[in-house]
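Examining the three-dimensional arrangement
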Amino acid sequence: MSAAAPHILIVDDEAHLADGIRENLEAEGYRTEVAYDGRAGLEKARAGDFDLILLDVMMPELDGLEVCATLRREGCQTPIMFLTVKSDADDRVRGLEAGGDDYLGKPFHLRELLLRVAAILKRSAWYRQPAEAELSFHGNSINFMTYQARGWDGSEHTLTHKEAMILKVLAEAGGGIVTREEILDRVWGYEVFPSTRTVDNFIVRLRRRFERNAEAPQHFHTVRGVGYRFSTEPEAGNDE
């Protein structure tokens, strides 16, 4: 997050709602910009340096899911919170799988929006701490600032923001056990995904990238019924 007040982009075709959000965020000390359709929002996101994007889903020109997916394909890792009247579990999952960080259904209470904005910015600030910018283990190397990684076999990878955040949470535990709930709270925040199985799916992806045998992991260890443990040195791949 920038040293100045956090910079937030609001993208919503309901002008009165977008302007109301802007006024309230600015009253909290945030800097803001507004776009009133998906295409304009995409261009502003590409051109600006934002700490957070608030993105409506149902919009003309481009919908929010397309905007988010495009930004992620282009390497933009700015946190995104979806704002939408479509708030059932399947829609939340689709939005978050497109690369979103949170999902707030309309209508919403202003206080909840402000709390979620603050929580996302706090998670982002933790992630960007420079002291742990790189991680190396058993022939693998990861740069948390650029999301670039090299596997033990020389393969190049660009991690998603969530993959990198999960790996950072596990690495910071220093070999200790991290529960699925702790990972969800640190990486996504409260009540974002309907199931902790989401964490399991991301661990599978990390194993495929960095384990020499993803079926017998030596670094990403399952602690049955609890969560996961990460070791920089290879250990026997027996689940605990």
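The notes below deal with the structure included here. None of these values were measured; they are calculated from a predicted model. (Residues numbered from 1 in each chain as written. Predicted model: local features only at pLDDT ≥ 70, side-chain atom pairs only at ≥ 80, totals over all residues. Heavy atoms only, no water.)

**Focus: the pattern of salt bridges**
Considering all chains together, one arrives at 19 salt bridges under this definition. Between Asp-101 and Arg-72 there is a salt bridge; the shortest N-O distance is 3.2 Å. Separated by 29 residues along the polypeptide, Asp-101 in the loop between helix 4 (89-97) and strand 5 (102-105) and Arg-72 in helix 3 (residues 64-73) bring together distant segments of the chain. The same class applies to Asp-101 and to Arg-72, which are both buried. Glu-163 serves as the salt-bridge partner of Arg-209, at 3.2 Å between the closest nitrogen and oxygen. With Arg-209 in helix 8 (residues 197-210) and Glu-163 in helix 6 (residues 161-172), this pair connects stretches of sequence that are 46 residues apart. Residue classification places Glu-163 among the buried positions, given a relative accessible area of 1%. (Salt bridge = Lys/Arg side-chain N within 4 Å of Asp/Glu carboxyl O. Helix = DSSP H or I, 4+ residues; strand = E, 2+ residues; numbered from the N terminus. Buried < 20%, exposed > 50% of the residue type's maximum accessible area, 1.4 Å probe, protein only.)

**Things to note about the side chain of Thr-222**
In this structure, Thr-222 sits in strand 11 (residues 220-223). Owing to a relative accessible area of 10%, Thr-222 belongs among the buried residues under this scheme. There is a polar contact of 2.9 Å between the side chain of Thr-222 and the side chain of Arg-207. (Polar contact = N/O pair within 3.5 Å; in protein donor to acceptor, adjacent residues only side chain to side chain.)

**A few points about the pairing of strand 3 (residues 52-56)**
Counting buried positions along strand 3 gives 5 out of 5 residues, so the element sits mostly inside the fold. Neither face of strand 3 is exposed, since Leu-52, Leu-54 and Asp-56 on one face and Ile-53 and Leu-55 on the opposite face are all buried. Relative to strand 3, strand 1 (residues 7-11) runs parallel, the two sharing 4 bridges. The residue bridging Ile-10 from the neighbouring strand is Leu-54, located in strand 3. Strand direction decides the pairing type here: strand 3 and strand 4 (residues 80-84), joined by 4 bridges, are parallel. Each bridged residue has a counterpart across the sheet, and for Ile-53 the counterpart in strand 4 is Ile-80. The handedness of the strand 3 to strand 4 crossover, carried by helix 3, is right-handed. (Pairing = 2+ DSSP bridges. Right-handed = clockwise from strand over helix to strand, strands pointing away.)

**Overview of the packing of aromatic side chains**
Tallied over the full model, the rule gives 5 aromatic pairs. Ring geometry for Phe-137 versus Phe-210: centroids 6.0 Å apart, planes at 65°, classification edge-to-face. Remark: Phe-210 occurs in helix 8 and Phe-137 occurs in strand 6 (residues 134-137); sequence separation between them is 73 residues. Here the two residues Phe-137 and Phe-210 agree in accessibility, since each one is buried. With a centroid separation of 6.2 Å and an interplanar angle of 80°, the aromatic rings of Phe-137 and Phe-220 are classed as edge-to-face. Taken together, the residues Phe-137 in strand 6 and Phe-220 in strand 11 connect sequence positions 83 residues apart. Within the aromatic cluster, the residues linked to one another by ring pairs are Phe-137, Phe-210, Phe-220 and Phe-230. (Phe/Tyr/Trp six-rings, centres within 6.5 Å; stacked < 30°, edge-to-face > 60°.)

**Let's talk about helix 7 (residues 180-187)**
Buried within helix 7 we find Arg-180, Ile-183, Leu-184 and Val-187. Projection of helix 7 onto a plane perpendicular to its axis shows the buried side chains occupying an angular sector of 100°, all on one side. For helix 7, the secondary structure elements touched by its buried residues are helix 5 (110-127), helix 6, strand 10 (177-179), helix 8, strand 11 and strand 12 (227-230). One or two steps after helix 7, the chain reaches Gly-189, where phi turns positive at roughly 90°. (Arc of directions from axis to C-beta. Contact = heavy atoms within 4.5 Å.)

**Observations regarding the sheet that holds strand 12**
The 3 strands are arranged 10-12-11 in an open sheet whose pairing can be described as antiparallel. Two strands bound the open sheet, and with one partner strand each, they are strand 10 and strand 11. Strand-to-strand, the axes of this sheet are offset by a mean angle of 35°, without reference to chain direction. Against the sheet, helix 7 contacts strand 10, strand 11 and strand 12, and its axis sits at roughly 70° relative to strand 10. (Axes fitted to C-alpha atoms, helices over the stretch in contact; angles between N-to-C directions.)

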